[in-house]
Amino acid sequence: VGSVMFILAGARVFSYVMTIQRIPVLLTEAVIGFTSSPAVLLLILNVVLLIMGMFMNSSTILVLTIPILHPLLQQFGIDLVHFGLVVTLNVMIGMLTPPLGVTLYIASGIADVPFEKAIRDIVPFYIPLVAVLLLITYVQDIVLWLPNLLMGAP
């Protein structure tokens, strides 16, 4: 627990420094100069978050990226509930993917299966995981129908 808390504390300090240095604003301006399409932005963020998930803890990713991406998401009009689910699925897929694949290591240890065999066995499941990721990324009504039903459409 101590090592995780140390990582989270470091990530929190990093997020604070990034905010003070106006990195979110600079990132928003740079991305707007690159693309004005929310679909392209979501594709870029999916790739970045998948790669981050392969190498980092999910809590650390959330603490590092969300404060930086929040102004960008607002500028592009992306719903935060929708993006929250996209981030969650991205990080989950990333944590199942080698080279680190922390969740895959834990699952293979619990199941008493060699890590290499676990990798071979999970490969077919990446196809539906990525398909669902793309589906929820680009059809936000799938994600938002229940919140809109319960809370009223915005």
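Just above sits the structure.
Residues numbered from 1 in each chain as written. Predicted model: local features only at pLDDT ≥ 70, side-chain atom pairs only at ≥ 80, totals over all residues. Heavy atoms only, no water.

Visitor: I would appreciate a short explanation of the overall build of the protein chain in the present structure.
Guide: Tallying secondary structure elements over the protein chain gives 8 helices and 0 strands in all. Secondary structure elements of the protein chain occur, N-terminal to C-terminal, as α-α-α-α-α-α-α-α. Structurally, the protein chain occupies a C-alpha span of about 45 × 35 × 35 Å along its principal axes. Looking at the protein chain as a whole, 32% of its 154 residues qualify as buried. Within the protein chain, contacts between residues separated by at least 24 positions form 74% of all contacts whose residues are at least 6 apart in sequence. Taken as a whole, the protein chain presents about 9300 Å² of accessible surface, with 75% of it coming from carbon and sulfur. The distance from the centre of the 4 positive side-chain charges to the centre of the 6 negative ones in the protein chain is 7 Å. (Helix = DSSP H or I, 4+ residues; strand = E, 2+ residues; numbered from the N terminus. Buried < 20%, exposed > 50% of the residue type's maximum accessible area, 1.4 Å probe, protein only. Contact = heavy atoms within 4.5 Å. Areas by Shrake-Rupley, 256 points an atom, 1.4 Å probe, with all protein chains shown as cover. Lys, Arg positive; Asp, Glu negative; His and termini not counted. Charge placed at Lys NZ, Arg CZ, Asp CG, Glu CD.)

Visitor: Explain the pattern of salt bridges to me, please; I cannot follow it from the model alone.
Guide: Any two side chains of opposite charge can pair, given that their charged atoms come close. In this structure the tally under the stated criterion is 1 salt bridge. Two residues, K117 and D121, come together in a salt bridge whose shortest N-O distance is 2.8 Å. With K117 and D121 both in helix α7 (residues 115-138) and 4 residues apart, the pair spans about one turn of that helix. Judged by relative accessible area, which is 40%, D121 ranks as partly exposed. (Salt bridge = Lys/Arg side-chain N within 4 Å of Asp/Glu carboxyl O.)

Visitor: What exactly am I supposed to notice about the packing of helix α6 (residues 102-111) against α7 here?
Guide: A pair of packed helices can be characterised by two numbers: the angle between their axes and the separation between those axes. In the contact formed by α6 and α7, the axes pass within 9 Å of each other and the chain directions differ by 115°. By the angle class used here, α6 and α7 are roughly perpendicular. Read as a crossing pair, α6 and α7 show a hand that is right-handed. On α7, the residues that touch L104, Y105 and S108 of α6 are F115, A118, I119 and I122. (Axes fitted to C-alpha atoms, helices over the stretch in contact; angles between N-to-C directions. Parallel < 35°, antiparallel > 145°, perpendicular 65-115°, else oblique. Left-handed = near helix turned anticlockwise from the far one by under 90°.)

Visitor: Sorry if this is basic, but what is going on with the nonpolar core here?
Guide: With 16 residues, the main nonpolar core has L41, I78 and F83 as its most contacted residues. Those elements that place two or more of their residues in this core are α3 (38-55), α4 (58-76) and α5 (80-95). Apart from the residues within four sequence positions on either side, F83 is in contact with L42, L45, L49, I66, L69, L73 and I78. (Core = buried A, V, L, I, M, F, W, Y, C linked by side-chain atoms within 4.5 Å.)

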